[in-house]
Amino acid sequence: MNIKNWIQFLKHSHKGILVLLPLCLFAGCVNLKPVEDTTKFYVLSVKRDGYDGEIEKRVAVRSIDLVDYLRNTQIVKRARGNEIKYLAGHRWAGDLDLMIGMVVADEIEDLRSGVYATVGDSLNPDLNLDLKVLNFDITASDSSEVTLEWVIIDAVTREILHEGRGQASVSSSSSDPSDQVAALESALRQITATIVQSL
C-alpha cells in the first residue's frame, strides 16, 4: 500500500471508526452485570448475656497485642513451616483483637464464679490481663492452633502477679472455614481455662 492509498483509507475509515467506537462502548456497558461479592465474614462467639452474680473480683482484659501478620481482616492458614497464606474470600468481620478479648472475658466469667470480666479500661478492675497473641492460625492439616502469652497485673499496686504462655491445637471437623474458625475459638477457650487457674 502506497502513501496515497493509505491517506485515502484513513480519510474514509475514521468516519466508520467514529461511528463504531461509541456503539462498541455502549454495547460493552449494556452487557456488564454486577458481580456478586462472595466473600464470607466470620466472628468469634460470645455466650454470655450479662453478668448477674455477686462480684468478688473484676478483671479487665486490658490489651490484646497481635503479631503483625494477624493485624488485618484476613484469616491465616499456615501453608507449611514458616510459610503463611491468607484464605481467599474469607475474612474476619471485625477487629480480631477485640473479638479475642471478648471470648477470653466471656470464658473467664463462665469458668470462675464471682469474677466479672470485660475488655478495655472501662471499669475499676482488681486485676488487669494483658494478652499477646503469637498465632491464631489454621494449619496445613486443617486443625486450628492458638498461642498466647499473658500477664496478670494487680490494678492497684501494678505488681505482676503471674506470667504465662499457652498453646492449644484443636482438630476441625472439616476443611470448611466456618468449622476451622469454630476450632480456633475452642482452642482460645482452652488456653483461657489455664489463665483462669491463676486468677
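About the cut-offs
- Residues numbered from 1 in each chain as written.
- Predicted model: local features only at pLDDT ≥ 70, side-chain atom pairs only at ≥ 80, totals over all residues.
- Heavy atoms only, no water.
- Buried < 20%, exposed > 50% of the residue type's maximum accessible area, 1.4 Å probe, protein only.
- Helix = DSSP H or I, 4+ residues; strand = E, 2+ residues; numbered from the N terminus.
- Pairing = 2+ DSSP bridges.
- Axes fitted to C-alpha atoms, helices over the stretch in contact; angles between N-to-C directions.
- Parallel < 35°, antiparallel > 145°, perpendicular 65-115°, else oblique.
- Left-handed = near helix turned anticlockwise from the far one by under 90°.
- Contact = heavy atoms within 4.5 Å.
- Phe/Tyr/Trp six-rings, centres within 6.5 Å; stacked < 30°, edge-to-face > 60°.
- Expected span 1.5 Å × (residues − 1).

Caption draft 1: Examining the pairing of strand β7 (residues 143–154) more closely. Of all 12 residues in β7, 9 are buried, a share of seventy percent or more. Of the pairings in the sheet, the one linking strand β6 (residues 127–138) to β7 comprises 11 bridges and is antiparallel in character. Paired with L129 across the two strands is I152, which belongs to β7. As consecutive antiparallel partners, β6 and β7 are separated by 4 residues, and within that stretch D142 has a phi angle of approximately 70 degrees, a positive value.

Caption draft 2: Fine view of the packing of helix α2 (residues 96–111) against helix α3 (residues 177–196). Contact geometry of α2 with α3 gives a least axis separation of 9 Å together with a crossing angle of 55 degrees. Looking at the two axes, α2 sits oblique to α3. Judged by the sense of rotation from one axis to the other, the crossing of α2 with α3 is right-handed. When α2 is examined against α3, the residues I100, V103, V104, D106, E107, I108 and L111 are found in contact with a partner set consisting of E185, L188, R189, T192, A193 and V196.

Caption draft 3: Quick peek at the packing of aromatic side chains. In this structure the tally under the stated criterion is 1 aromatic pair. Their ring planes at 50 degrees and their centres at 6.0 Å tell us that W92 and F136 sit as a pair that is tilted. Of the two residues, W92 is situated in strand β4 (residues 83–92) and F136 in strand β6; the sequence distance between them amounts to 44 residues. F136 carries the same exposure label as W92, and that label is buried.

Caption draft 4: Quick peek at α2. Taking 1.5 Å per residue, 16 residues should reach 22 Å; α2 reaches 22 Å between its end C-alpha atoms and fits that length. L96, M99, I100, G101, V103, V104, A105, D106, E107, I108 and E109 are the residues of α2 that are buried. In this fold, the buried residues of α2 make contact with β1 (40–42), β2 (57–66), β4, β5 (115–119), β6 and α3.

Caption draft 5: Structural context of the pairing of β6. Of all 12 residues in β6, 11 are buried; the element is thus mostly enclosed. Where β2 and β6 come together, 7 bridges link them in parallel fashion. By the bridge assignment for β6, L66 is matched with V133.

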